[in-house]
Each structure stands twice: as C-alpha cells, then as structure tokens.
Amino acid sequence: MRRKILAGVAGIAAVVALAGPAAADTTGDTIVTLTVDAAGGLSITVPASVNIGHGVEGSTVTGQLGPVTVLDQRGSLTPNWTATVISTDFTTGGGTSGETIPNINVLYWSGPATATAGGGTFTPGQPTAAQQVIINVPRTAMSHTGGTGNNFATWNPTLVVNVPVGTVQGVYTGTVTHSVF
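This text gives an overview of the structure that appears in the document. This one's a predicted model, so the numbers in the text were calculated from it and none came from an experiment.

## Quick word on the pairing of strand S4 (residues 81-87)
Then comes step 1: By the criterion of burial, S4 is predominantly enclosed, with five of the seven residues buried.
Then comes step 2: Taken together, the five bridges between S4 and strand S11 (residues 139-145) define a ladder with antiparallel strand orientation. If you follow Ala83 over to S11, its bridge partner there is Met142.

## Topic: the pattern of salt bridges
Then comes step 1: Enumeration according to the criterion identifies one salt bridge in this entry.
Then comes step 2: For the salt bridge of Asp72 with Arg74, the shortest nitrogen-to-oxygen distance reads 2.7 Å.
Then comes step 3: For Asp72, a relative accessible area of 0% puts it in the buried group.
Then comes step 4: The class for Arg74 is partly exposed, based on a relative accessible area of 30%.

## Some remarks on the sheet that holds S4
By definition, the strands of a sheet pair up through backbone hydrogen bonds, in either a parallel or an antiparallel sense.
Then comes step 1: Spatially, four strands are ordered S9-S11-S4-S14 in an open sheet, and the strand pairing comes out antiparallel. Since the sheet does not close on itself, it has two edges, and those belong to strand S9 (121-124) and strand S14 (176-180), each with one partner. Between one strand and the next, the sheet's axes are offset by a mean angle of 15 degrees, whatever the strand orientation.
Then comes step 2: Note that S4 and S14 share five bridges and pair antiparallel. When the sheet's bridge partners are listed, Ile86 is paired in S14 with Thr177.

## Details of the side chain of Ser76
Then comes step 1: Topologically, Ser76 is positioned in strand S3 (residues 68-76).
Then comes step 2: Among the polar contacts listed, one links the side chain of Ser76 to the backbone nitrogen of Thr78, at a separation of 3.0 Å.
Then comes step 3: Excluding residues that lie within four positions of it along the chain, Ser76 makes contacts with Thr148 and Gly149.

## A few points about the environment of Thr88
Then comes step 1: Secondary-structure assignment places Thr88 in the loop between S4 and strand S5 (90-91).
Then comes step 2: With 13 residues separating them along the chain, Thr88 and Ile101 place their C-alpha atoms 9.3 Å apart.
Then comes step 3: Once residues within four sequence positions are removed from consideration, Thr88 is found in contact with Asn103, Gly174 and Thr175.
Then comes step 4: In terms of polar contacts, Thr88 uses its side chain to reach the backbone amide nitrogen of Thr175, at 2.8 Å.

Criteria and thresholds
- Residues numbered from 1 in each chain as written.
- Predicted model: local features only at pLDDT ≥ 70, side-chain atom pairs only at ≥ 80, totals over all residues.
- Heavy atoms only, no water.
- Buried < 20%, exposed > 50% of the residue type's maximum accessible area, 1.4 Å probe, protein only.
- Helix = DSSP H or I, 4+ residues; strand = E, 2+ residues; numbered from the N terminus.
- Pairing = 2+ DSSP bridges.
- Salt bridge = Lys/Arg side-chain N within 4 Å of Asp/Glu carboxyl O.
- Axes fitted to C-alpha atoms, helices over the stretch in contact; angles between N-to-C directions.
- Polar contact = N/O pair within 3.5 Å; in protein donor to acceptor, adjacent residues only side chain to side chain.
- Contact = heavy atoms within 4.5 Å.

See below:
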C-alpha cells in the first residue's frame, strides 16, 4: 500500500509539473506622445543709450555701444537668424545742415561674438575695424546658421562717426537700430 501511495503522489506531482502555468504569447505596446514647447521667440536686446565721446569738426569719434544680444528661444530645427543694424542722422539744435552729421558718416563694426551658446555657426558681420561699414542702409551685424534648438550670441559693436568740417558745436543725438529676423 505504501508503494501505491508513493506512486500516486509521484503521478500527481508529474501532472502538476507538466501542466504548470500557461505562457503568455502576446505583448501590449503603448504609443506615448509629448509636446516640447518653445521657451520663447526670437529677440534682441541693446543698451538704451550710450555716449561714445567727443571731438571737433573734421575729427572722428569712436566708441563701443555696449552689449547687443540675440536670444533665440524658438526651439527650432533650423534656428537661423540675421541681426542687422542701421543709423539715423545725428542732429543737434534745429537739425539744419550745420547741425546734422549725415548717417553716411556713421560706420559700424560688430567685432567677434563675446559670448555664444547653442549649436551652429555664429558669424560676425564685421569681425575687425578693417571691415567697418557705413550704416546708412541695413547691414548684417551678426548671423547664426545651423544647429538645432535654442541659442544666443552677444557682441559689443564699435561705432565710428566722422564729424564733417562745418559741423557746429553741440550734443548730437542719433539712433542706431538693431533688428533680428
């Protein structure tokens, strides 16, 4: 009898071992999406005002404008941009011919970027004084090509104003406008 019980227990164990849990032959996939938003847009910041110095008629007045920064937070696949610069005439008093320094006498050079971040290539419009340009029409100050995502560049441009002979004494004011697109 003892043999029959042992044989019965062994048989039950064999059936349980063979049956075991059923293996799963299926899988379940979940498609997950998310959205990456742009942190902001494309912007440019410039100093509110600057005094670049003084000179007499027939001389040249030169000075740096202070930091100009383009910030690109568009999160773009192709974050290309170009910053341009243009100047108005500089005037004093009533702005008569003797009280005006025409913008054809206003030159600019960007110099190299003083700080950058992000991928791609940052290219100064005028890396050195030898490349300075008259800014009576829009000129490239700095540009960015390539890379992906956000980026920024800062530079400290130099303004050169040739004061014509016959210009009267006074404090001359003009506007240098940087734009980015």
